Amino acid sequence: MSDKNDKTERAERLSVFKTYKLYVGGKFPRSESGRVYEVSDSKGNWLANVPLSSRKDARDAVVAARKAFGGWSGATAYNRGQILYRIAEMLEGRREQYVREVADAEGLSKSKAAAQVDAAIDRWVWYAGWTDKIAQVVGGGNPVAGPYFNLSSPEPTGVVAVLAPQESSFLGLVSVVAPVIATGNTAIVVASEKSPLPALSLGEVLATSDLPGGVVNVLSGRTAEIATPLAAHQDVNAIDLAGADDVLAKELEIAAADNLKRVLRPQPVDESDWSAAPGTDRMTAFLETKTVWHPTGSLGASGSSY
């Protein structure tokens, strides 16, 4: 009799559908607009209702990113690397969830989706290892004709708006987000309009990691609707146009010129291979170079030079 009751209870159980939310300032708000839009898999099957971010949500994300910038950019590079590595550990723990989300988003088999997820986690680890090394690559002492030390060191640009790639829902996402924060910048990420679930799930990982709130903020919705106010925002210092088409990219470049934002243009579609070795280009794209001159001094009474 008890077995029959158990079977009845299992049959009557309703699934708990996940409610996806934005990730802004270390919290999970619903869109200020109250709007959502439907996300479907590659076969057109409904997956979830996702927040449709408004301009107000974009402005809130900028405020959160600016507030977090001082602490994150002032942390030691070693500390940033440890935090990024911890995020990779947590991504590994959610591997099966990401495999499912990537397979649904991109219409891949489970084995191909797993390869994408593994590559994304490995890439996050790779950027974690670069945090305390990039300064040695792009900085150093410069030879000058005179009694001076001339030293160059990289510094983060500031608040960076990142338009995640539209087609590569997780590997492409990691490839554009990790280098921005590895170098001390803070980010507002506009998730893939068609496949936002991996990006929104990334927010859940970041919230339970050691990453301070506001360092990464994740918005979902219409790419053009969110990106336009970000490109024109006076407190956004740079923008990565990876997820913009040619027409939108041109419009955003014009808007970004108003406060001389750094702009990283999107690659042509036929050249966008997110599985290729990333190199250091995306890290150096959002670094400024500070150069300091200092006199070497002269011989003192003791015969020493300073």
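Rules used throughout
Residues numbered from 1 in each chain as written. Predicted model: local features only at pLDDT ≥ 70, side-chain atom pairs only at ≥ 80, totals over all residues. Heavy atoms only, no water. Helix = DSSP H or I, 4+ residues; strand = E, 2+ residues; numbered from the N terminus. Buried < 20%, exposed > 50% of the residue type's maximum accessible area, 1.4 Å probe, protein only. Contact = heavy atoms within 4.5 Å. Areas by Shrake-Rupley, 256 points an atom, 1.4 Å probe, with all protein chains shown as cover. 1 Å grid on protein atoms, 1.4 Å probe; cavity = no way out; pocket = protein on both sides within 12 Å on 5 of 7 lines; lining within 4 Å. Points joined across faces, edges and corners; volume = space filled by probe spheres on them. Nonpolar A, V, L, I, M, F, W, Y, C, P; charged D, E, K, R; others polar. Pairing = 2+ DSSP bridges. Axes fitted to C-alpha atoms, helices over the stretch in contact; angles between N-to-C directions. Phe/Tyr/Trp six-rings, centres within 6.5 Å; stacked < 30°, edge-to-face > 60°. Lys NZ or Arg CZ within 6 Å of the ring centre and 35° of its normal. Parallel < 35°, antiparallel > 145°, perpendicular 65-115°, else oblique. Left-handed = near helix turned anticlockwise from the far one by under 90°. pLDDT = per-residue confidence, 0-100. Salt bridge = Lys/Arg side-chain N within 4 Å of Asp/Glu carboxyl O.

A. Region of interest: the overall build of the chain. Counting its secondary structure elements, the chain contains 11 helices and 10 strands. For the chain, buried positions account for 45% of its 306 residues. Considering only contacts in the chain between residues 6 or more positions apart, those separated by 24 or more positions represent 76%. Counting only carbon and sulfur atoms, one obtains 52% of the accessible surface of the chain, whose full area is about 15300 Å².

B. Examining empty space enclosed by the protein more closely. Here the structure, examined in full by the defined rule, presents one cavity of 30 Å³ or more. Taken as a whole, the largest cavity spans an internal volume of roughly 40 Å³. Every residue along the wall of the largest cavity is listed here: V39, S40, L47, E101, A105, K194, S195, L197 and P198. Those elements giving two or more residues to the lining of the largest cavity turn out to be β1 (36-40), α4 (95-106) and α8 (197-207). Among the residues forming the lining of the largest cavity, the class breakdown is five nonpolar, two polar and two charged.

C. Molecular detail of the sheet that holds strand β7 (residues 216-219). On the basis of which strands lie adjacent, the open sheet formed by five strands has the order β7-β6-β5-β8-β9 and parallel pairing. The open sheet is flanked by β7 and β9 (262-264), the only strands paired with a single partner. Direction aside, neighbouring strands of the sheet carry axes that sit 15° apart on average. In this sheet, strand β8 (residues 238-240) lies alongside strand β5 (residues 159-163) in parallel orientation, the contact comprising three bridges. Looking across to β8, one finds that V162 is bridged to D240.

D. Representation of the packing of aromatic side chains in the model. Evaluation of the coordinates by the stated rule reveals five aromatic pairs. Arranged with centres 5.2 Å apart and planes meeting at 40°, the rings of Y23 and F28 form a pair that is tilted. Taking relative accessible area as the criterion, F28 reaches 34% and is therefore assigned partly exposed. An angle of 80° between the planes, with centres 5.1 Å apart, marks the rings of W126 and Y127 as edge-to-face. Here W126 falls in the partly exposed class, since its relative accessible area comes to 34%. Put simply, the rings of W126, Y127 and W130 touch in pairs and so form one group of aromatic residues. The ring of F69 has R66 lying over it, and the distance from NZ or CZ to the ring centre is 5.7 Å. If you follow R222 out to its NZ or CZ, it ends over the ring of Y37, 4.6 Å from the centre.

E. Broad picture of the packing of helix α3 (residues 77-93) against α8. Between α3 and α8, the least distance of the axes is 9 Å, while the angle of their chain directions is 125°. In terms of orientation, α3 lies oblique with respect to α8. In terms of crossing hand, the pair formed by α3 and α8 is right-handed. Across the interface between the two elements, I87, M90 and L91 from α3 touch L202, V205 and L206 from α8. Here the contact of α3 with α8 is built from residues that sort into six nonpolar, no polar and no charged.

F. How the structure looks around the sheet that holds strand β4 (residues 148-156). Strand order in the open sheet formed by three strands is β3-β4-β10, with antiparallel pairing between adjacent strands. Only two strands of the sheet have a single neighbouring strand rather than two, namely β3 (140-141) and β10 (287-295). Direction of pairing for β3 relative to β4: antiparallel, over a ladder of two bridges. Across the sheet, the residue bridging to G141 is L151, located in β4.

G. Examining the layout of surface pockets more closely. By volume, the second largest pocket amounts to about 300 Å³. Lining the second largest pocket we find 14 residues, and of these K18, Y20, L47, A48 and L197 sit closest to its centre. Going through the elements one at a time, β2 (46-51) and α4 are the ones with two or more residues in the lining of the second largest pocket.

H. Representation of the confidence of the model for the chain in the model. Per-residue confidence for the chain averages 90 on the pLDDT scale, and 92% of its residues sit at or above 70. Per-residue pLDDT stays below 50 along residues 299-306; that stretch engages in eight contacts with residues further than four places along the chain or on separate chains.

I. Spatial organisation of the pattern of salt bridges. Using the criterion set out here, one finds 16 salt bridges in the structure. Close ionic contact of E96 with R95 constitutes a salt bridge, the shortest N to O distance being 3.0 Å. Between E288 and R262 there is a salt bridge; the shortest N-O distance is 3.0 Å. You can see E288 sitting in strand β10 and its partner R262 sitting in strand β9, a full 26 residues away along the chain. Members of the salt-bridge network, linked through shared partners, are R95, E96, K110 and D118.

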